[in-house]
Structure formats: C-alpha cells, structure tokens
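Residues per chain, in single letters:
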Amino acid sequence: EVQLQASGGGLVQTGGSLRLSCAVSGIGTGHYAIGWFRQVPGKEREGLSCIGVSGATHYSDTVKGRFAVSEDNAKSTVYLQMNSLKPEDTAVYYCGAALFCSTTSPEGYDYWGQGTLVTVSS
C-alpha cells in the first residue's frame, strides 16, 4: 500500500548538482516525516536530511550547506537538491517515511523506497 519511489540519480562531475525526487503514496496526509539516507556497500545507512510534517527541515553536518530538502505537496513529492557534489557523495540514496523526523536513526523509519544511485566522478 505504502510506496516511496526514489529517482533522479545518475553520473555527475565533482562540483556539480543533482536533484533527487521521492514520490510518496499510500501514507495518511500530514502524518509522516520524509528522510533522505545514503548507503555504500559494507557501510551503515547514513542520514542526510529530513522534512517533518510541519515542513521543518533538518540536516546532518556532512551535507549542511550543500544539500536542501523541499516538498511539493500537490505532487506528493519530496526533493533533495544536492550541490557542490564530491566523490565521497557517491552512494545509493534512499528516501524513507517515519513518524518523527530524524537523520540519525534509520531504524525509526517504517517505509523505504528502492534507492537511486548517485555517482560523482573526479
């Protein structure tokens, strides 16, 4: 029933920008926060940003000032604008839904999208 579809990944050069999208369906209006996480093989999932039901946003120190999360309620879509990309940003990016907005606890997220690959070349 609940569906989150992450898209927008691809190949980008160092210093470039990319915008990811998370299309959300099957979740009650105004009841879930949407978070962005990323993961590389063999590593734990890393929280980047989330947007709460009120529209308040939160960022990890790693991406603060470079990434920005926003939402388009009419389209039921959350975006992650990524600027000044670095090779270390290369990862599979996931969006998830949680009752509370958190960038530190992936276990608090009840639903996840399939992920989209971002590759930053040097």
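Values in this document were obtained by computation on a predicted structure and should not be read as measured data.

### Remarks on the side chain of Thr-116
Next up, step 1: Examined against the element boundaries, Thr-116 turns out to sit in strand E11 (residues 116–121).
Next up, step 2: Reaching out from Thr-116, the side chain makes a polar contact with the backbone nitrogen of Gly-9 at a distance of 3.0 Å.

### Examining the packing of aromatic side chains
Next up, step 1: Using the criterion set out here, one finds four aromatic pairs in the structure.
Next up, step 2: Arranged with centres 6.1 Å apart and planes meeting at 65°, the rings of Tyr-32 and Tyr-111 form a pair that is edge-to-face. Here Tyr-32, found in the loop between strand E3 (18–25) and strand E4 (33–39), pairs with Tyr-111, found in strand E10 (residues 109–112); they are 79 residues apart in sequence, far enough to count as distant.
Next up, step 3: A relative accessible area of 23% places Tyr-32 in the partly exposed class.
Next up, step 4: Relative accessible area serves as the criterion here: at 31%, Tyr-111 is assigned to the partly exposed category.
Next up, step 5: With a centroid separation of 5.3 Å and an interplanar angle of 80°, the aromatic rings of Phe-37 and Trp-112 are classed as edge-to-face. With Phe-37 in strand E4 and Trp-112 in strand E10, the pair connects residues that are 75 residues apart, well separated along the chain.
Next up, step 6: We classify Phe-37 as buried; its relative accessible area is 0%.
Next up, step 7: Look at Trp-112 and you get partly exposed, because its relative accessible area is 28%.
Next up, step 8: It is Arg-19 that lies over the ring of Tyr-79; its NZ or CZ is 4.2 Å from the centre.

### Considerations on the side chain of Ser-102
Next up, step 1: With respect to the helices and strands, Ser-102 occurs in the loop between strand E9 (91–98) and E10.
Next up, step 2: When neighbours within four sequence positions are excluded, Ser-102 is seen to be in contact with Phe-37, Cys-50 and Tyr-109.

### Thoughts on the pattern of salt bridges
Next up, step 1: In this structure the tally under the stated criterion is four salt bridges.
Next up, step 2: One salt bridge connects Arg-38 with Glu-46, and the closest N-O pair in it is separated by 2.9 Å.
Next up, step 3: Of the residues examined, Arg-38 reaches a relative accessible area of 6% and is grouped as buried.
Next up, step 4: Residue classification places Glu-46 among the partly exposed positions, given a relative accessible area of 29%.
Next up, step 5: For Arg-66, the salt bridge is made with Asp-89, and the minimal N-O distance between the two is 2.8 Å. In this pair, Arg-66 is assigned in the loop between strand E6 (57–59) and strand E7 (67–72) and Asp-89 in the loop between strand E8 (77–82) and E9, connecting sequence segments 23 residues apart. As far as the burial class goes, Arg-66 and Asp-89 line up, both buried.

Criteria and cut-off values
- Residues numbered from 1 in each chain as written.
- Predicted model: local features only at pLDDT ≥ 70, side-chain atom pairs only at ≥ 80, totals over all residues.
- Heavy atoms only, no water.
- Helix = DSSP H or I, 4+ residues; strand = E, 2+ residues; numbered from the N terminus.
- Polar contact = N/O pair within 3.5 Å; in protein donor to acceptor, adjacent residues only side chain to side chain.
- Phe/Tyr/Trp six-rings, centres within 6.5 Å; stacked < 30°, edge-to-face > 60°.
- Buried < 20%, exposed > 50% of the residue type's maximum accessible area, 1.4 Å probe, protein only.
- Lys NZ or Arg CZ within 6 Å of the ring centre and 35° of its normal.
- Contact = heavy atoms within 4.5 Å.
- Salt bridge = Lys/Arg side-chain N within 4 Å of Asp/Glu carboxyl O.

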